[in-house]
Protein chains: 2
Amino acid sequence: MPRPTSAARDKARRLLEQALGPSKVLTGEDACAAYAEDESEAEGVTPDAVVLAETPDDILAALRVAREASVPITPRAAGTGRTGGAVPVAGGIVLSTFGMKSIKEIDRRDGVAVVEPGVVLAELHAAVEAEGWFYPPDPNSQADCCLGGNVAENAGGPRALKYGVTRDWVLGVDAFLIGGQRIHAGRRTTKGVTGYDVTGLLVGSEGTLAVFGDVTVGLMPKPEHVMTLMTLFSDVRTAGDAVERAVAAGLLPRCIELLDGPTLEAMRRAGNAIDARAGAMLLVEFDGDERTCERDAERFGETAESAHALEVLVAQDAAQRARLWSARREMSRAVRKLSKKKLSEDVVVPRHAIGALLEHVAMLGERERVRHLTYGHAGDGNLHVNFLWDDDDEVPAVVRAIEGLFHEVVRLGGTLSGEHGIGVLKAPYLPLEQAPELIELQRDLKRVFDPSGLLNPGKIFPAAPHRAC
Amino acid sequence: MPRPTSAARDKARRLLEQALGPSKVLTGEDACAAYAEDESEAEGVTPDAVVLAETPDDILAALRVAREASVPITPRAAGTGRTGGAVPVAGGIVLSTFGMKSIKEIDRRDGVAVVEPGVVLAELHAAVEAEGWFYPPDPNSQADCCLGGNVAENAGGPRALKYGVTRDWVLGVDAFLIGGQRIHAGRRTTKGVTGYDVTGLLVGSEGTLAVFGDVTVGLMPKPEHVMTLMTLFSDVRTAGDAVERAVAAGLLPRCIELLDGPTLEAMRRAGNAIDARAGAMLLVEFDGDERTCERDAERFGETAESAHALEVLVAQDAAQRARLWSARREMSRAVRKLSKKKLSEDVVVPRHAIGALLEHVAMLGERERVRHLTYGHAGDGNLHVNFLWDDDDEVPAVVRAIEGLFHEVVRLGGTLSGEHGIGVLKAPYLPLEQAPELIELQRDLKRVFDPSGLLNPGKIFPAAPHRAC
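Just so you know, these numbers come straight off a predicted model, no measurement behind them.

**Considering the overall build of chain A**
In step 1: On a plain count of helices and strands, chain A comes out with 15 helices and 18 strands.
In step 2: For chain A, the residues scored as buried account for 62% of the 469 residues in total.
In step 3: When the accessible surface of chain A is summed, it comes to about 17300 Å², and 49% of that surface belongs to carbon and sulfur atoms.
In step 4: Each charge class in chain A was averaged separately, 53 positive and 68 negative side chains, and the resulting centres sit 2 Å apart.

Okay, structure coming up:
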């Protein structure tokens, strides 16, 4: 989509200030520049105006102005996305719901919460856990990311293995369409099959179908107890083997995080003491009542040993548990120090193919002379394959490695994204996974919600000439 | 939708016989009459032709003929639906995928099965359990219903409490559109956020968006052990209280089935010995490893006693377990004997409101002098409220009772259907729950898949003039 004309941009700014007053509208390069990017490598265009919405009416006003001035509008919450979903690729309006931060309701009887889109996930976690309830989705950005973005991207996280992703917990959502409609989709009850699953369609639509207001999520009783294990293996094949055996034995930890050899090496360099023989680590967590956790942890340990684990370490208390997870968190920092640039690809393969995929990544790294490391949620086959580089002249090799990765993922029966979405960065690769008929159907669905193509353009779909209507 | 003209019907029959040969096409009143109805009270029109599809190409051919002859086409698998989803309301073609019965794959490594739409659910259960895997959805019609219908209606069942409904287990689906497109939506991996959730949109679309071919479902390891309890209470309020306490305490049985006083009375009349003081029964089932089952069953028993249960009975072996469930199954037979006609409404309310809803049902029954009884999946608030009658002149009172029920369900924050769908029978009531904007949006989605409105007309949406395009 081309940038709007300067007349359209002026009109949009004027209408926004009329409708919302100056306190809710940012204009000018300096104020707007921060809204050109998110936490991905996607490059945006500084928006012409930023709306700081505080109410549903503000959202509707911003959408109306975009429509009337015919400028693109890009919804945004915390902007912690990893594929550019919140990046305005053609300028226009950025519509931030970051300021809508009310937890409107926690229903202590039925386990339901209603939250505004700017509520930070960690704050929702804390609020419901204080009441004895639990909201499972836990993307690693939980300290910063907002529910609105979680819903837009269908965020996952380590605990998705046992508890599923955001879509599995969103019961209903208020959605604002660019045509001016306010839709309340979904329900408050756990079950319900009245009409099409509009809620599920909106979750994961990456801000391309509607802007989210209140989100109704289901909760579960907070697990009594959590138990964490760390196991080391000589290589990722044996670690993958242990995962497969454990799942086949009916063990269902709430997470199984895998760190590969290059990741462990980066952690060693950053000063973490990790057994020199280890070429893979699994960080495993069980929850439930204490006795079951202990029993499951023991069985997982035995399974790991039968798969030739080098070491099995069970955290004996909260402090040890925190230490194990801090190693996982420090890992991200250690990895960031390794290179100036990195792309973290969030692919999924069937569980049994984890070893095969990682061998292929090693081959690609060698062939293209690109550094790489992989970690992620091995229990559900969702791996974050990172390619690292310093100089721009390495980019073509990185791109070849990424393309090689995507081809292999699809060949192994996997999918291009497990939890980060397609956004800008993966849009060109959508046809690798999906047939033209399916992509065309999704473009048609998009047109139902956004006939003029003004809502978050440039996302999900590969650039293509607009079909004649 | 009016019935097609006799010229259109002749054309459809001729084209079908040309495309598929006589062995796959039924014509004539006698052969087609059985396809005018399903297991609901919905009244259909005998179709002009029935296609017995054996392959995806047969499905595409039938859809093409419907398009070319401009006659309605209604997909059907086993026809066990309870709201008329498979009933042809305007004649035309019935497209049966009942004959597509192959379990094409059971992936023993990753826990994935690929099945044709005519596979009977109980056969899928048996096949995957023989391999140590488990497919949780278990509508009570499992001995007869087919996967294609389960997907179309997003079928539930008792175990939905712990394991969710069909949508939670369908990873991908082959879908055939009336425009001739063959879409493969979804994935084989547990996680995946590539593009919109087209799979989730198709599941539960009641045959109004597409016809289903192969269905890819996720499996879980078969639980080691199952433990069944029966508890009796003096009334539904105390039974509901026990359910609320148990869930709040973090107990998650795989099912909690409630039978109310009138249901127990029907069972007594049919010869079952049930404590005369009992006005409600809960049938509860835990699964997992043996120790956890025993411990959870014990805790549930204690919770029930603290909620003034009259009796707690734990099945000590498989024979006792079978006996408890056979009482639940015989119940359906006992209920059928009570009256010539019955309508079973499949509503959902928030768990805490079960008692309030059942008191309202009792009031409606008294006010309208309509017999009623209720059973269902109390753990997730999904109740089957049955109204019974013998003579046609009772129908207006039954309709008033049903309308009173739906109003109360919506007032309590519930939904009109938990697992049976909207179909024909509940279509007039959709606006009770959903606002006009949401209904209009869904009509627009329907038009993307089926612009001419020929695919399974008369379902979900209340009759309304077609919007000018």
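Now that the structure has been shown, the text picks up again.
**Things to note about the relation of the copies chain B and chain A**
In step 1: Take chain B, turn it by 180°, move it 0.0 Å along the axis, and it overlays chain A with an RMSD of 0.0 Å. Such a combination of rotation and displacement between the chain copies is what one expects of a two-fold axis.

**A look at the domain arrangement of chain A**
One frequently used descriptor of interface size is the decrease in accessible area upon assembly of the parts.
All names here are of chain A.
In step 1: What the domain assignment lists for chain A is domain 1 (103–221), domain 2 (225–332) and domain 3 (339–420).
In step 2: Summed over both partners, the interface of domain 1 with domain 2 comes to about 710 Å²; 56% of that surface belongs to carbon and sulfur atoms.
In step 3: On the domain 1 side of the contact with domain 2, Pro 158, Leu 161 and Lys 162 bury the most area, a combined 67% of that side's loss.
In step 4: The interface formed by domain 1 and domain 2 holds 1 salt bridge in total.
In step 5: Here domain 1 is connected to domain 2 by 2 residue pairs in polar contact (both at pLDDT 80 or more).
In step 6: Considering every element that reaches the side of domain 1 that touches domain 2, the biggest residue donor is helix α6 (residues 160–163), with 4 residues.

**Let's talk about the sheet that holds strand β8 (residues 170–176) of chain B**
Residues and elements named next belong to chain B.
In step 1: Pairing within the open sheet is antiparallel, and its 5 strands lie in the order β5-β6-β10-β8-β9. The open sheet has two free edges, formed respectively by β5 (103–107) and β9 (182–186), since each of these has just one partner strand. Averaged over all pairs of adjacent strands, the angle between strand axes in this sheet comes to 10°, irrespective of strand direction.
In step 2: Pairing of β8 with strand β10 (residues 211–218), which is carried by 5 bridges, proceeds in the antiparallel orientation. Among the inter-strand pairings, Gly 172 is bridged to a residue of β10, identified as Thr 216.

**Focus on the interface of chain B and chain A**
In step 1: Each side of the interface is counted separately: chain B has 78 residues, and chain A has 78 residues.
In step 2: Carbon and sulfur atoms supply 60% of the area that chain B and chain A bury against each other, a total of about 5800 Å² over both sides.
In step 3: Together, B:Lys191, B:Val193 and B:Tyr196 form the three largest contributors to the area buried by chain B at its contact with chain A, with a combined 17%.
In step 4: Counting the contacts that link chain B with chain A gives 10 salt bridges.
In step 5: We note a salt bridge from A:Arg299 to B:Glu224, for which the minimum N-O separation is 3.6 Å.
In step 6: Run the count over chain B and chain A and you get 28 residue pairs in polar contact (both at pLDDT 80 or more).
In step 7: Elements that contribute at least two residues to the side of chain B that touches chain A include exactly β9, α7 (198–202), α8 (236–248), α10 (290–306), α14 (430–433) and α15 (436–449) of chain B.
In step 8: Ranked by residues supplied to the side of chain B that touches chain A, first place goes to α15(B) with 9 residues.
In step 9: Looking at the side of chain B that touches chain A residue by residue, the class counts come to 27 nonpolar, 28 polar and 23 charged.

**Re the sheet that holds strand β9 (residues 182–186) of chain A**
Residues and elements named next belong to chain A.
In step 1: Strand order in the open sheet formed by 5 strands is β5-β6-β10-β8-β9, and the pairing between neighbours is antiparallel. Either end of the sheet is taken by a strand with one partner, and the two such strands are β5 (103–107) and β9. Across the sheet, the axes of successive neighbouring strands diverge by a mean angle of 10°, strand direction being ignored.
In step 2: Across the sheet, helix α3 (residues 56–69) touches β8 (170–176), β9 and β10 (211–218), and the angle it forms with β8 is around 50°.

**Description of unusual backbone geometry**
In step 1: Positive phi outside glycine occurs at A:Asn456, with the angle close to 50°.
In step 2: As for its placement among the helices and strands, A:Asn456 is situated in the segment after α15 (436–449).
In step 3: Of note, B:Arg369 is a non-glycine position whose phi angle comes to about 50°, a positive value.
In step 4: Checked against the element boundaries, B:Arg369 lands in the loop between α12 (354–368) and β17 (371–377).
In step 5: Residue B:Arg369 is classed as exposed on the basis of its relative accessible area, which comes to 75%.

**Some points on α15(A)**
In step 1: In a regular helix each residue adds 1.5 Å, so 14 residues correspond to 20 Å; α15(A) covers 20 Å between its end C-alpha atoms and thus fits that length.
In step 2: With respect to burial, α15(A) is a largely interior element, 10 of its 14 residues being buried.
In step 3: Among the residues of α15(A), those classed as buried are A:Leu438, A:Ile439, A:Leu441, A:Gln442, A:Arg443, A:Asp444, A:Leu445, A:Lys446, A:Val448 and A:Phe449.
In step 4: Check the buried side of α15(A) and you find it contacts α7 (198–202) and α14 (430–433) of chain A together with β9, α7 and α15 of chain B.

**Brief notes about the environment of B:Asn150**
Residues and elements named next belong to chain B.
In step 1: Looking at the secondary structure, you find Asn 150 in helix α5 (residues 147–153).
In step 2: Its relative accessible area of 3% is what places Asn 150 among the buried residues.
In step 3: Each C-alpha atom of the pair Asn 150 and Asp 138 lies 9.6 Å from the other, and the pair is 12 residues apart in sequence.
In step 4: Beyond its immediate stretch of four places on either side in the chain, Asn 150 contacts Leu 121, Pro 139, Cys 145, Ala 155 and Thr 166.

**Things to note about the packing of helix α8 (residues 236–248) of chain A against helix α10 (residues 290–306) of chain A**
Residue and element names in this part refer to chain A.
In step 1: Remark: α8 packs on α10, axes separated minimally by 9 Å, with the N-to-C direction vectors making an angle of 135°. In terms of axis orientation, α8 runs oblique to α10. Of the two possible hands of crossing, α8 and α10 adopt the one that is right-handed. Residues Ala 242, Arg 245 and Ala 246 of α8 pack against Phe 300, Thr 303, Ala 304 and Ser 306 of α10.
In step 2: Grouping the constituent residues of the contact of α8 with α10 by class yields 4 nonpolar, 2 polar and 1 charged.

**Thoughts on the packing of aromatic side chains**
In step 1: Inspection of every chain in the model, using the stated rule, returns 8 aromatic pairs over all chains.
In step 2: On the basis of an interplanar angle of 70° and a centroid distance of 6.1 Å, the ring pair of A:Phe286 and A:Phe300 is categorised as edge-to-face. Here the residue A:Phe286 occupies a position in strand β14 (residues 280–288), and A:Phe300 occupies one in helix α10, the gap between them amounting to 14 residues. For the residue pair A:Phe286 and A:Phe300, the accessibility class agrees, reading buried in each case.
In step 3: For the cation-ring pair, B:Lys101 lies above B:Phe98, with the distance from its terminal atom to the ring centre recorded as 3.8 Å.

**Here we look at the pairing of strand β16 (residues 341–348) of chain A**
Both faces of the sheet carry side chains from a regular strand, because those side chains alternate between them.
Residue and element names in this part refer to chain A.
In step 1: The buried fraction of β16 is high, at 7 of 8 residues.
In step 2: Bridge analysis of β16 against strand β18 (residues 382–389) gives 8 bridges, and the strand direction is antiparallel. Bridge assignment links Leu 343 to a residue of β18, and that residue is Phe 387.

**Digging into the side chain of A:Thr83**
Residues and elements named next belong to chain A.
In step 1: Inspection of the secondary structure assignment puts Thr 83 in the loop between β3 (73–76) and β4 (93–96).
In step 2: Take Thr 83: its relative accessible area is 4%, and that puts it in the buried class.
In step 3: A polar contact is formed between the side chain of Thr 83 and the backbone oxygen of His 420, at a distance of 3.0 Å.
In step 4: Residues contacting Thr 83, with those up to four places away along its chain left out, are Asp 38, Ser 40, Ala 42, Glu 153, Glu 206, His 420, Gly 421, Ile 422, Gly 423, Val 424 and Leu 425.

**Quick word on the state of the cysteines**
All names here are of chain A.
In step 1: Under the definition given, this model contains 0 disulfides over all chains.
In step 2: The thiol of Cys 255 is unpaired, and the distance to the nearest cysteine sulfur, on Cys 293, comes to 11 Å.
In step 3: By relative accessible area, which is 1% here, Cys 255 ends up buried.

**With respect to the packing of α15(A) against α15(B)**
In step 1: Viewed as axis vectors pointing N to C, α15(A) and α15(B) meet at an angle of 150°, and their least axial separation amounts to 10 Å. Considering their axes alone, α15(A) and α15(B) lie roughly antiparallel with respect to each other. In this structure, the crossing between α15(A) and α15(B) has a hand that is right-handed. Of the residues in α15(B), those touching α15(A) at A:Leu441, A:Asp444, A:Leu445, A:Val448 and A:Phe449 are B:Leu441, B:Asp444, B:Leu445, B:Val448 and B:Phe449.
In step 2: By residue class, the composition of the contact of α15(A) with α15(B) is 8 nonpolar, no polar and 2 charged.

Basis of the calculations
- Residues numbered from 1 in each chain as written.
- Chains lettered and ligands numbered in written order.
- Predicted model: local features only at pLDDT ≥ 70, side-chain atom pairs only at ≥ 80, totals over all residues.
- Heavy atoms only, no water.
- Helix = DSSP H or I, 4+ residues; strand = E, 2+ residues; numbered from the N terminus.
- Buried < 20%, exposed > 50% of the residue type's maximum accessible area, 1.4 Å probe, protein only.
- Areas by Shrake-Rupley, 256 points an atom, 1.4 Å probe, with all protein chains shown as cover.
- Lys, Arg positive; Asp, Glu negative; His and termini not counted.
- Charge placed at Lys NZ, Arg CZ, Asp CG, Glu CD.
- Least-squares fit on C-alpha atoms with pLDDT ≥ 70 in both.
- Domains from an automatic or database assignment.
- Buried area = accessible area lost by both parts, 1.4 Å probe.
- Salt bridge = Lys/Arg side-chain N within 4 Å of Asp/Glu carboxyl O.
- Polar contact = N/O pair within 3.5 Å; in protein donor to acceptor, adjacent residues only side chain to side chain.
- Pairing = 2+ DSSP bridges.
- Axes fitted to C-alpha atoms, helices over the stretch in contact; angles between N-to-C directions.
- Contact = heavy atoms within 4.5 Å.
- Nonpolar A, V, L, I, M, F, W, Y, C, P; charged D, E, K, R; others polar.
- Expected span 1.5 Å × (residues − 1).
- Parallel < 35°, antiparallel > 145°, perpendicular 65-115°, else oblique.
- Left-handed = near helix turned anticlockwise from the far one by under 90°.
- Phe/Tyr/Trp six-rings, centres within 6.5 Å; stacked < 30°, edge-to-face > 60°.
- Lys NZ or Arg CZ within 6 Å of the ring centre and 35° of its normal.
- Disulfide = S-S within 2.5 Å.

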